[in-house]
Amino acid sequence: MPKLTPEQIHAIIREEFGTEAVSDLDNSRTMPNFTVLDHSLWQPIAYFMRTDERLKFDYLACLSGVDYNDGTLGVVYNLESLAAYQHKIAVKLKCTKEKNVVPSVAEIWRTAEWHEREAYDLVGIIFDGHPDLRRILCPEDWEGHPLRKDYKVQEYYHGIKVPY
Amino acid sequence: MAETIEHTPKTRLSQVGANQYIVEKDLETEYMTINMGPQHPSTHGVLRVELVTDGEVVVKATPYLGYLHRCFEKHAEALDYQQVIPYTDRMDYLAAMNTEHAYVMAIEKLLNIEVPRRIEFMRVIVAELQRIASHQVAIATYGLDIGAFTPFLHIMRDREHILTLLEWLCGARMLYNYIWVGGVSHNFPPKFKQRVAEFVKYYKPKVDEMMALLTENELFIERTRGVGILPADVAINYGCSGPMLRGSGVKWDLRKNDPYSIYPELEFDVVVPDGKLSIIGDSLSRHLVRCYEIYESLKIIQQCIDKMPEDPNFDPHAAVPKRIKPPAGEVYARGENPRGEVGFYVISDGKSTKPFRCKARSGCFVNLSVLPELAKGNLISDVVAILGSIDIVLGEVDR
C-alpha cells in the first residue's frame with residue numbers, strides 16, 4: 001500500500017462516516033488538517049484511523065490543547081502511520097468554553113493518557129472517558145488553567161505570594 | 001492512593017530476569033506504599049514515583065511530575081519568536097542544541113525561508129556533537145545507577161572536550177542560544193573544524209574503551225538484560241520515540257524517516273539491537289542503541305566536516321530576519337533529539353511578533369508514561385535500572 005496524500009486520507013474518512021462528520025480539508029503548506037464536527041463520532045473515527053488497512057495511524061505524535069481566545073477551545077491531534085506507510089495528518093476538535101468536554105482517545109492511543117491530562121491541566125478541557133483525569137504538571141490544588149488566555153494567577157498559594 | 005489494590009497471595013512467582021525467578025512461599029504479605037523521590041539520585045532530578053510493593057516486588061508504580069514545571073508554553077506566549085530560543089535550551093538542558101534546532105525549524109517553516117547551505121552544516125555538526133555529549137551523560141549515569149562508578153569518570157573526561165569546543169564556539173557550556181531563526185549566532189572560529197576532526201579521531205577509540213569497560217561488563221549485563229522488556233507495538237502505542245523505540249527493534253529515526261536539514265545527504269545507519277547480546281526491547285537494548293549511536297554521530301560529523309562549503313567571509317547573520325512576524329498559520333515541526341522526538345506546535349495569528357500558542361512535545365514526557373507498564377512485577381532495584389534506561393531529563397518532562 002502506498003503513502004497516501006492528505007486529500008486521499010480525508011476522502012477515505014468522508015466515504016466511511018459521511019460528509020457531515022468532518023469539515024473540508026485545510027490543505028495548508030505547513031500542516032494539512034481537518035476538523036471533526038460531530039463529537040460523538042470522534043472515537044469511532046479515531047479507532048477507524050488506527051485500524052483501517054489503508055490508514056493505519058498507529059502513532060499519536062502530539063496532542064495540544066488550544067484556547068483560541070474567541071470563546072472556543074480546541075484539541076489538535078498530530079497523527080502518523082509509523083509502522084506502515086508514514087503518512088501523516090492533523091485532526092482538530094473544537095468545543096466552547098462553557099461546554100468544555102471532548103471524547104477521550106486514551107483507550108485508542110495510550111500515549112494520549114498523559115497528553116490529555118496535560119491539556120486538562122493547562123487549558124482546562126475535560127476528556128470524557130479518560131481513565132484518570134487529574135492535573136499532571138501543576139499541583140493538584142492549583143486554581144485555574146494557566147494556558148487560558150483570560151487566566152489570572154491566584155494571589156496566594158498555601159500562604160505564599162504567587163505573582164512576584 | 002485513590003484506588004485500593006486487593007488480593008494478597010500466599011505463594012507468588014515473579015520473573016525478574018531472562019532466566020531468573022523469585023519464589024516466595026507461605027508468606028503473609030501486605031502491600032506497602034513507598035515513595036521513590038523526589039530527592040532520589042536514580043530519578044535523575046525531581047521525579048517522584050509512588051511504588052506499591054509486595055515485599056521487594058513492585059505491584060504498581062505511579063509517577064508524579066511537575067516539581068520542575070516552569071510553564072514554558074505560557075512564557076513563550078509573552079515573548080518574541082527569537083526570545084523563546086533560550087527558553088527551549090532550558091527544557092532539555094543536556095541536549096540544548098537539538099531542541100533549539102527543532103524550534104527554529106518550526107519558525108522557519110512558518111516563515112517559509114531557506115537557510116544557507118553552510119548554516120545547515122554548522123547546525124548538524126553542533127547538533128551531533130551535542131547528541132554525543134547527551135548520550136555520554138545518559139550512559140555514564142546509567143552505569144552510576146547500577147553501581148559502576150569508573151566509567152562515569154572516563155566518560156565525563158571525554159564529554160569535557162565537547163563542552164570546551166562548544167564553549168569556544170559560542171561562549172556557553174550548556175545553554176547556548178546558538179541556533180537562530182535563519183542562521184546561527186557565531187561563525188565557526190578559525191581552526192574549529194580541525195579541532196572537531198581531531199576530537200573525532202581522539203574519541204573513536206575511547207568509545208571502544210567505554211564499551212569494554214561498561215557494556216561488556218558481566219555485572220552490568222546481569223543487571224540490565226531482560227529487565228523491563230517493552231514490546232514494539234506497545235512502544236508505538238505509547239508514543240515512544242528515540243532510543244526507547246529503537247531499543248524495541250523499530251527502525252525509526254526522524255533523521256531518516258522525516259528528513260530535515262541536510263541529513264538526507266549524509267550516510268549513517270539507524271541503529272537497532274540485533275538480539276545477540278540483549279533481548280530486544282529490554283533495558284540493555286536501549287543502552288546499546290545509545291552506545292552505537294555515538295559511532296553514527298561521529299560518522300555524521302566527519303562527513304559534515306568534509307562536505308561543508310568553505311567561505312572565509314561568511315556572515316552567519318545574513319539570512320536572519322530582523323523582525324519575525326509570520327503569516328497566520330500553524331505548524332508542527334519536529335527533530336530527532338537524543339531522548340526522542342521533540343516537536344513544536346506553533347500557531348501564529350499573523351498580527352503579532354509573539355506566538356499565539358507554542359506547544360512543546362517532549363520526548364521524555366511521553367517515554368516516561370510507559371514506566372508504570374514496565375515497572376510492574378519487577379524488583380525495586382530493577383525500577384532503578386528501567387528508569388535509567390528510559391533516560392529522562394526532568395527539565396524536559398516538566399517543561
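See the structure shown above.
Residues numbered from 1 in each chain as written. Chains lettered and ligands numbered in written order. Predicted model: local features only at pLDDT ≥ 70, side-chain atom pairs only at ≥ 80, totals over all residues. Heavy atoms only, no water.

Draft legend 1. A look at the overall build of chain B. Broken down by element type, chain B carries 15 helices and 10 strands. The C-alpha radius of gyration of chain B comes to 22 Å, within 12% of the 21 Å expected for a compact globule of 399 residues. For chain B, the C-alpha atoms occupy an extent of roughly 80 × 50 × 35 Å along the three principal directions. In chain B, which comprises 399 residues, the share counted as buried stands at 61%. Long-range contacts, defined as pairs at least 24 residues apart, comprise 70% of the intrachain contacts of chain B with a sequence gap of at least 6. Just so you have it, chain B exposes about 15,200 Å², and 53% of that area is on carbon and sulfur atoms. (Helix = DSSP H or I, 4+ residues; strand = E, 2+ residues; numbered from the N terminus. Rg over C-alpha atoms; globule rule 2.2 N^0.38 Å. Buried < 20%, exposed > 50% of the residue type's maximum accessible area, 1.4 Å probe, protein only. Contact = heavy atoms within 4.5 Å. Areas by Shrake-Rupley, 256 points an atom, 1.4 Å probe, with all protein chains shown as cover.)

Draft legend 2. Looking closely at the overall build of chain A. Within chain A, the regular secondary structure consists of 3 helices and 8 strands. For chain A, the C-alpha atoms occupy an extent of roughly 60 × 30 × 30 Å along the three principal directions. For chain A, with 164 residues in total, the buried portion stands at 55%. Sequence separation of 24 or more characterises 48% of the internal contacts of chain A that already satisfy a separation of 6 or more. Of the roughly 7,300 Å² that chain A leaves accessible, carbon and sulfur atoms contribute 50%. Chain A carries 19 positive and 26 negative side-chain charges, and their two centres are separated by 4 Å. (Lys, Arg positive; Asp, Glu negative; His and termini not counted. Charge placed at Lys NZ, Arg CZ, Asp CG, Glu CD.)

Draft legend 3. Representation of the layout of surface pockets within the structure. For the largest pocket, the calculated volume is near 930 Å³. Taken together, 37 residues line the largest pocket, and the ones lying closest to its centre are Lys88 of chain A together with Lys109, Asp258, Pro259 and Tyr260 of chain B. Looking at the lining of the largest pocket element by element, the count peaks at 4 residues for helix H3 (residues 96–111) of chain B. Here the residues of the lining of the largest pocket are counted per class, giving 16 nonpolar, 9 polar and 12 charged. (1 Å grid on protein atoms, 1.4 Å probe; cavity = no way out; pocket = protein on both sides within 12 Å on 5 of 7 lines; lining within 4 Å. Points joined across faces, edges and corners; volume = space filled by probe spheres on them. Nonpolar A, V, L, I, M, F, W, Y, C, P; charged D, E, K, R; others polar.)

Draft legend 4. Structural view of the pattern of salt bridges. All names here are of chain B. Inspection of the entire model under this criterion finds 39 salt bridges over all chains. Between Glu167 and Arg173 there is a salt bridge, and its shortest N-O distance comes to 4.0 Å. You can call Glu167 partly exposed: its relative accessible area is 35%. Residue Arg334 pairs with Asp258 through a salt bridge whose shortest N-O separation is 3.1 Å. Residue Arg334 is found in strand S8 (residues 329–337), and its partner Asp258 is found in the loop between helix H10 (254–257) and helix H11 (283–307); the two are separated by 76 residues along the sequence. On the accessibility criterion, Arg334 (6% relative accessible area) is buried. Taken together, the shared-partner salt bridges connect Glu128, Arg131, Arg246, Asp253, Arg255, Glu293 and Glu336 into one network. (Salt bridge = Lys/Arg side-chain N within 4 Å of Asp/Glu carboxyl O.)

Draft legend 5. Seen up close, the interface of chain B and chain A. The interface is formed by 42 residues belonging to chain B together with 44 residues belonging to chain A. Where chain B abuts chain A, roughly 3,600 Å² becomes buried across the two surfaces, and 55% of that area is made up of carbon and sulfur atoms. Looking only at chain B, the three residues that lose the most surface to chain A are Asn237, Glu330 and Phe356 of chain B, adding up to 17% of its buried area. Applying the counting criterion to the chain B and chain A interface returns 6 salt bridges. The residue Lys359 of chain B makes a salt bridge to Glu118 of chain A at a minimum N-O spacing of 3.2 Å. For the pair chain B and chain A, the interface holds 23 residue pairs in polar contact (both at pLDDT 80 or more). Among the elements that line the side of chain B that touches chain A, the one with the most residues is S8 of chain B, at 4 residues. The residue makeup of the side of chain B that touches chain A, split by class, is 20 nonpolar, 9 polar and 13 charged. (Buried area = accessible area lost by both parts, 1.4 Å probe. Polar contact = N/O pair within 3.5 Å; in protein donor to acceptor, adjacent residues only side chain to side chain.)

Draft legend 6. Here's a closer look at the sheet that holds strand S9 (residues 340–348) of chain B. Residue and element names in this part refer to chain B. One open sheet holds the 3 strands; their spatial order is S8-S9-S10, and the pairing between them is antiparallel. Bordering the open sheet on either side are S8 and strand S10 (357–361), each of which pairs with just one other strand. Between one strand axis and the next, the sheet turns through 10° on average, direction left out of account. (Pairing = 2+ DSSP bridges. Axes fitted to C-alpha atoms, helices over the stretch in contact; angles between N-to-C directions.)

Draft legend 7. Examining the sheet that holds strand S3 (residues 31–36) of chain B more closely. Residue and element names in this part refer to chain B. The antiparallel open sheet is built from 3 strands, whose spatial order is S3-S4-S5. The open sheet has two edge strands with one neighbour each: S3 and strand S5 (57–64). Ignoring strand direction, the axes of neighbouring strands in this sheet form an average angle of 20°. Here helix H14 (residues 380–390) sits on the sheet and contacts S3, strand S4 (48–54) and S5; the angle it forms with S3, its principal contact strand, is near 35°.

Draft legend 8. Molecular detail of the side chain of Glu128 of chain B. Summarising the element assignment, Glu128 of chain B is placed in helix H4 (residues 117–146). When sequence neighbours within four positions are dropped, the list of residues in contact with Glu128 of chain B reads Arg255, Tyr263, Ser297, Ile300 and Ile301 of chain B.

Draft legend 9. Expanded view of unusual backbone geometry. All names here are of chain B. Look at Ser261: it is not a glycine, yet its phi comes out positive at around 50°. Tracing the chain through its elements places Ser261 in the loop between H10 and H11. Owing to a relative accessible area of 23%, Ser261 belongs among the partly exposed residues under this scheme. Backbone geometry at Asp391 places phi at a positive 60°, although glycine is not the residue there.

Draft legend 10. Representation of the packing of H4 of chain B against helix H6 (residues 192–215) of chain B within the structure. All names here are of chain B. Interaxial distance between H4 and H6 falls to 13 Å at its minimum, and their mutual angle equals 20°. Accordingly, the angle class assigned to the pair H4 and H6 is roughly parallel. The handedness of the crossing between H4 and H6 comes out as left-handed. Facing H4, whose interface residues are Ile125, Leu129, Ile132, Gln136, Ile139 and Gly143, H6 presents Val196, Phe199, Tyr203, Met210 and Leu214. Of the residues in the contact of H4 with H6, the class split is 9 nonpolar, 2 polar and no charged. (Parallel < 35°, antiparallel > 145°, perpendicular 65-115°, else oblique. Left-handed = near helix turned anticlockwise from the far one by under 90°.)

Draft legend 11. Molecular detail of helix H2 (residues 42–51) of chain A. Among the residues of H2 of chain A, Trp42, Ile45, Ala46, Phe48 and Met49 of chain A are the ones counted as buried. Burial along H2 of chain A is one-sided: seen end-on, the buried residues are contained in an arc of 165°. (Arc of directions from axis to C-beta.)

Draft legend 12. Main features of the packing of H4 of chain B against helix H5 (residues 150–170) of chain B. Residues and elements named next belong to chain B. Running from amino to carboxyl end, H4 crosses H5 at an angle of 155°, the nearest separation of the two axes being 9 Å. Between H4 and H5, the angle falls in the class roughly antiparallel. For the pair H4 and H5, the crossing hand works out as left-handed. Residues Val126, Leu129, Ile132, Ala133, Gln136, Val137, Ile139, Ala140, Thr141 and Leu144 of H4 form the contact with H5, whose own contacting residues are Phe152, Ile155, Met156, Asp158, Arg159, Ile162, Leu166 and Leu169. Looking at the contact of H4 with H5 residue by residue, the classes come out as 14 nonpolar, 2 polar and 2 charged.

Function-wise, these values are silent; they only describe arrangement.
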